[in-house]
Each structure stands twice: as C-alpha cells, then as structure tokens.
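Residue-level listing of the chains:
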Amino acid sequence: MAIFVHAGLVPPERCKRLPGSGVDLSRFSVAPFRVREHDAPVFLLVARLLWDKGVGEFAKAARMVRRHYPNAQFQLLGFLDVDNPSAVPRAQVHEWEAEGLLTYLGPTDDVRPFLAAADCVVLPSYREGVPRTLLEAAAMGRPVITTDAPGCRDTVVHGQTGLMCRVADADDLASQMLAWSALPVTERHAQGQRGRKRVEAEFDERLVIQAYVQVVQQLAASLNK
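Just so it is clear, the structure is predicted and the values come from calculations on it, not from any experiment.

Scoring rules and cut-offs
- Counting of residues starts from 1 at the beginning of each chain's written sequence and follows it residue by residue.
- The model is predicted, so local features are restricted to residues of pLDDT at least 70 and side-chain atom pairs to those at 80 or more, both for listing and for counting; the totals for chains, interfaces and linings are taken over all residues.
- Only hydrogens and water are removed before side-chain values are computed, so all heavy atoms of the structure are retained for them.
- Only when DSSP finds a minimum of two bridges between them are two strands counted as paired.
- Note on conventions: DSSP H or I runs of at least 4 residues are helices, E runs of at least 2 residues are strands, and numbering of each starts at the N terminus.
- In this description, contact between two residues means that some pair of their heavy atoms is separated by no more than 4.5 Å.
- Lines are fitted to the C-alpha atoms to define the axes, a helix being fitted only along its stretch in contact, and any angle between axes, read from their N-to-C directions, falls within 0 to 180 degrees.
- Accessibility here uses a 1.4 Å probe with only protein chains present; expressed as a share of the type maximum, an area under 20% marks a residue as buried, one over 50% as exposed, and anything in between as partly exposed.
- Put simply, the grid is 1 Å and covers the protein atoms alone, a cavity is a trapped set of points that fit a 1.4 Å probe, a pocket is an open set with protein on both sides within 12 Å along at least five of seven lines, and lining residues have an atom within 4 Å of a point.
- Grid points are joined across faces, edges and corners, and a volume is the space filled by probe spheres set on the points.
- Here the term charged refers only to Asp, Glu, Lys and Arg, the term nonpolar to Ala, Val, Leu, Ile, Met, Phe, Trp, Tyr, Cys and Pro, and the term polar to all other amino acids, Gly among them.
- In the sections that follow, a salt bridge refers to a side-chain nitrogen of Lys or Arg positioned within 4 Å of a carboxyl oxygen of Asp or Glu.
- Stacked, tilted and edge-to-face are the three classes assigned to paired rings of Phe, Tyr and Trp, where Trp is represented by its six-membered ring and a pair needs centres within 6.5 Å; plane angles under 30 degrees give stacked, over 60 edge-to-face, the rest tilted.
- Expected span of a helix, by definition, is 1.5 Å for each gap between consecutive residues, and there is one gap fewer than residues.
- Like-charged residues are merged into a patch within 9 Å and nonpolar side chains (Val, Leu, Ile, Met, Phe, Trp, Tyr) within 5 Å, provided each residue has over 30% relative accessible area and no salt bridge.
- Only the protein chains shown count as cover for residues, with accessible areas throughout obtained via the Shrake-Rupley method and a probe of 1.4 Å.

Some remarks on the sheet that holds strand E4 (residues 120-123)
- Spatially, the six strands line up as an open sheet ordered E3-E2-E1-E4-E5-E6, and their pairing is parallel. Edge positions in the open sheet fall to strand E3 (103-104) and strand E6 (162-165), since each of these has one partner strand only.
- In terms of strand pairing, strand E1 (residues 42-46) meets strand E2 (residues 73-77) through five bridges, oriented parallel. Following the sheet pairing, Val42 is matched in E2 by Gln73.
- Against the sheet, helix H6 (residues 170-181) contacts E1, E2, E4, strand E5 (144-147) and E6, and its axis sits at roughly 160 degrees relative to E6.

See the structure below:
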C-alpha cells in the first residue's frame, strides 16, 4: 500500500490495507501440544522449497541448534522440484536428510496434522505478502519464528507470540531458535495462546470478507445515487 501511495497511483484516503486473505478459525482450531522432553522441540518449516523462503538458513540454523539441543527435530513440509530459479534441488534435501539434520515430510493437501505435531513453526523468508502458513500455525496455537521482513513481521509480536530474526542470517535465526528452546514449556504454550488470540482479533477471514463486502456496498450505493 505504501508503494502505491508513494508512487501516486492512489490517494491515501482511498486506501485500506487488509490482513492478507485471513484464516478460517474453525478449520484451524487450537491443537494441544504433544508431550515430549523439553530438550527435544520440533521445529517445522512449511513452504515451497525455495532458497528465498529461507530453507538454506533453516538447515544451517538447525546444525547450530543441534549442538546445544541434539534431540531437537527439524522438519520441512512442502513441494520439491518447483519450477522456479530459486528452487532447492532435491539432491540437497537428500543430503541434509543423510546427514540426519532434518526430515523432509513431502507435500500435503492438509497441513493441520503437521502443525499440530510441531512445537514451533519457522519461516525465515526474505519477503512475503502475509504468509498464510504462519497465520494457520498461530490459529492452531503454535508460536512462530520468522524474519523481520515485509509481510512476515505482520504475523508475530516479538517476544509475545513468537520471535523474529534478521533476513538471510542463519546465525541470528539459530540464536532465536535457541532462545525459544530455552523457554519454559509454560511460556512456549503461552506464546501459542497469545498468537491464537491475536489471529482471532486481526486475521479472522470473516474480517477480510466483511471488509470486501463493505467496499462493494459502498460502490453499489454510490452507483445507485
């Protein structure tokens, strides 16, 4: 919106920024955390496997985190072999798996079971709209770790519903993942609860739909005058 206004394409008084496409809060309901050892958290990245989604930083950070938490798990969920110059080669993913660094879960049409099985959802993307996967994770009561980048930063309140790291910085991502891993279980769960409440207040898809309906109604009223 700022780009459009700055370029003079639309006056600011005629602009309103929507919170992405929103999320279906009934479909993505809060899921209880799995019972596991404190030093064995499960980090999940959900995305098309592209370098600019931060997949490489996730793998590098996983290597650093496991030096302190050898029982931590790191999972990738999403499409491989994407027709995109930024696609992560399948051979690279197999190499990470062979190293025992992370697990590739494949693609899916339903992310909910995987979100429910994770403790923290990570998306170190370089730039997004408003990443739906993080909204869905928060809706299910999962803390998120993402980058301080356009779109991504909208999905988290640092220190309250998750954490933010610098863009394209595996060291900082690892630092944030370590900081999150050191949190008491009660605070991990509290972050998830606060994330759910924030999604309910700001990202419910009904709010987005209603915003569109209001604009259509206003346009229709102006045409009928």
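Now that the structure has been shown, the text picks up again.
Re unusual backbone geometry
- Positive phi, normally seen in glycine, also occurs at Asp81, with a value near 55 degrees.
- Topologically, Asp81 is positioned in the loop between E2 and helix H3 (90-98).
- Given a relative accessible area of 53%, Asp81 falls into the exposed group.
- In this structure, Ala168 takes a positive phi of about 55 degrees despite not being glycine.
- Relative to the helices and strands, Ala168 is located in the loop between E6 and H6.
- Looking at Ala168, the relative accessible area reads 46%, which means it is partly exposed.

So, the layout of surface pockets
- Taken as a whole, the largest pocket encloses approximately 350 Å³ of empty space.
- Together, Arg14, Cys15, Lys16, Leu18, Ala211, Tyr212, Gln214, Val215, Gln218 and Leu219 line the largest pocket.
- Its residues placed into classes, the lining of the largest pocket shows six nonpolar, two polar and two charged.
- Taken together, 13 residues line the second largest pocket, and the ones lying closest to its centre are Met1, Arg17, Arg127, Pro150 and Gly151.
- When grouped by side-chain class, the residues that make up the lining of the second largest pocket number six nonpolar, two polar and five charged.

Re the pattern of salt bridges
- Inspection of the entire model under this criterion finds 15 salt bridges.
- With its nearest N and O atoms 2.8 Å apart, the salt bridge here joins Lys53 to Glu128. You can see Lys53 sitting in the loop between E1 and helix H2 (55-68) and its partner Glu128 sitting in the loop between E4 and helix H5 (132-139), a full 75 residues away along the chain.
- For Asp204, the salt bridge goes to Arg206, with nearest N and O atoms at 2.7 Å.

With respect to the environment of Leu77
- Relative to the helices and strands, Leu77 is located in strand E2.
- A residue is classified by how much of its surface remains accessible, and Leu77, at 1% relative accessible area, is buried.
- The sequence separation of Leu77 and Leu44 amounts to 33 residues, and the corresponding C-alpha distance is 7.4 Å.
- Once residues lying within four places of it in the same chain are set aside, the contact partners of Leu77 are Leu44, Leu45, Val46, Ala47, Leu105, Gly106, Pro107, Thr108, Val111 and Phe114.

As for the packing of aromatic side chains
- Under the counting rule described, the total for this entry stands at four aromatic pairs.
- Judged by centre distance (6.1 Å) and plane angle (85 degrees), the ring pair of Trp51 and Trp96 falls under edge-to-face. Of this pair, Trp51 sits in the loop between E1 and H2 while Trp96 sits in helix H3, and the two are 45 residues apart along the sequence.
- A relative accessible area of 32% means that Trp51 is categorised as partly exposed.
- In this structure Trp96 comes out as buried when scored by relative accessible area, which is 7%.

Structural notes on the side chain of Gln176
- In this structure, Gln176 sits in helix H6.
- Residue classification places Gln176 among the buried positions, given a relative accessible area of 14%.
- Those residues in contact with Gln176 that sit more than four places away from it in its chain are Ile145, His158, Leu163, Met164 and Cys165.

Remarks on H2
- Under the 1.5 Å per step criterion, the end-to-end length of H2 is 21 Å for 14 residues, consistent within 8% with the ideal 20 Å.
- Of the residues making up H2, those classed as buried are Val55, Gly56, Glu57, Phe58, Ala59, Ala61, Ala62, Met64 and Val65.
- Elements that come into contact with the buried residues of H2 comprise E1, E2, H3, E4 and H6.

Considering a nonpolar patch on the surface
- Residues Ile3, Phe4 and Leu9 make up a contiguous nonpolar surface patch of roughly 350 Å² in combined accessible area.
- Structurally, Phe4 can be placed in helix H1 (residues 2-6).

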